[in-house]
Amino acid sequence: MSREEEIKAAIVVTPDEIAFVSPEMNHASEQLGMQMFLFVDFVRTLEPRLQRFEAIQLAAAFLESLPSMCQQNPEVIICLKDNAQLLIERRISKN
């Protein structure tokens, strides 16, 4: 695959996905992307023979199972709710 074909394959835009977003949403998306990048790197340290796309697939499967894993651990749910409350309070105090 040529470099141009790789770039075209990586860009997927459909009309329903084109939207204007806030700077906060852009920043949050960047943070999520960076953390996912680092998590994929971590997955590869667990099994270095994985190719990057395989590590990404494994990370995606892990994310898919994460809600049920969290539901089985009440401490994680409490932590998530507490952190959600902190974010809400921070947002309200800015206004």
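Computed from a predicted model, the values in this text were never measured in an experiment.

K.L.:
What should I look at first to understand the overall build of the protein chain in this one?
P.N.:
A count of helical and extended segments in the protein chain gives 4 helices and 0 strands. Helices and strands appear in the protein chain in the N-to-C order α-α-α-α. Here the protein chain holds 95 residues, and 6% of them are scored as buried. Put simply, the protein chain shows about 8,600 Å² of open surface, and 63% of that area lies on carbon and sulfur atoms.

K.L.:
How should the packing of aromatic side chains be read in this particular structure?
P.N.:
Any two aromatic rings considered together are summarised by their centre-to-centre distance and by the angle between their planes. Per the stated rule, a full pass over the model turns up 2 aromatic pairs. Ring geometry for F39 and F62: centres 5.4 Å apart, planes at 35°, overall tilted. Here F39, found in helix 2 (residues 23–46), pairs with F62, found in helix 3 (residues 52–71); they are 23 residues apart in sequence, far enough to count as distant. Judged by its relative accessible area of 23%, F39 falls in the partly exposed class. Members of the aromatic cluster, each reached through a chain of ring pairs, are F39, F42 and F62. Between R52 and the ring centre of F37, over which it is positioned, the NZ or CZ distance is 4.5 Å.

K.L.:
Just to check I follow, could you spell out the environment of E47 for this structure?
P.N.:
Mapping E47 onto the fold places it in the loop between helix 2 and helix 3. Of the polar contacts made by the side chain of E47, one reaches the side chain of R49; its length is 2.8 Å.

K.L.:
I keep staring at the pattern of salt bridges and nothing clicks. Help me out?
P.N.:
When the charged atoms of two side chains lie near each other, side chains of opposite charge can form a pair. Here the structure, examined in full by the defined rule, presents 2 salt bridges. Between R52 and D41 there is a salt bridge, with the nearest N and O atoms lying 2.8 Å from each other. Residue R52 is located in helix 3, and its partner D41 is located in helix 2; the two are separated by 11 residues in the primary sequence. Take R52: its relative accessible area is 25%, and that puts it in the partly exposed class.

K.L.:
Explain a nonpolar patch on the surface to me, please; I cannot follow it from the model alone.
P.N.:
A cluster of nonpolar side chains, contributed by M34, F37 and L38, occupies part of the molecular surface with about 290 Å² of accessible area. With respect to the secondary-structure elements, F37 resides in helix 2.

K.L.:
So what exactly am I meant to see when it comes to the packing of helix 2 against helix 3 here?
P.N.:
The relative placement of two packed helices comes down to the angle between their axes together with the axis-to-axis distance. For the pair helix 2 and helix 3, the least separation of the axes is 9 Å and the interaxial angle reads 110°. It follows from the interaxial angle that helix 2 and helix 3 lie roughly perpendicular. Along the contact surface, helix 2 presents M36, F37, F39, V40, D41, V43 and R44, while helix 3 presents R52, A55, I56, L58, A59, F62 and L63. When grouped by side-chain class, the residues that make up the contact of helix 2 with helix 3 number 11 nonpolar, no polar and 3 charged.

Conventions used here
Residues numbered from 1 in each chain as written. Predicted model: local features only at pLDDT ≥ 70, side-chain atom pairs only at ≥ 80, totals over all residues. Heavy atoms only, no water. Helix = DSSP H or I, 4+ residues; strand = E, 2+ residues; numbered from the N terminus. Buried < 20%, exposed > 50% of the residue type's maximum accessible area, 1.4 Å probe, protein only. Areas by Shrake-Rupley, 256 points an atom, 1.4 Å probe, with all protein chains shown as cover. Phe/Tyr/Trp six-rings, centres within 6.5 Å; stacked < 30°, edge-to-face > 60°. Lys NZ or Arg CZ within 6 Å of the ring centre and 35° of its normal. Polar contact = N/O pair within 3.5 Å; in protein donor to acceptor, adjacent residues only side chain to side chain. Salt bridge = Lys/Arg side-chain N within 4 Å of Asp/Glu carboxyl O. Patch = residues over 30% accessible without salt bridge, like charges linked within 9 Å, V, L, I, M, F, W, Y side chains within 5 Å. Axes fitted to C-alpha atoms, helices over the stretch in contact; angles between N-to-C directions. Parallel < 35°, antiparallel > 145°, perpendicular 65-115°, else oblique. Contact = heavy atoms within 4.5 Å. Nonpolar A, V, L, I, M, F, W, Y, C, P; charged D, E, K, R; others polar.

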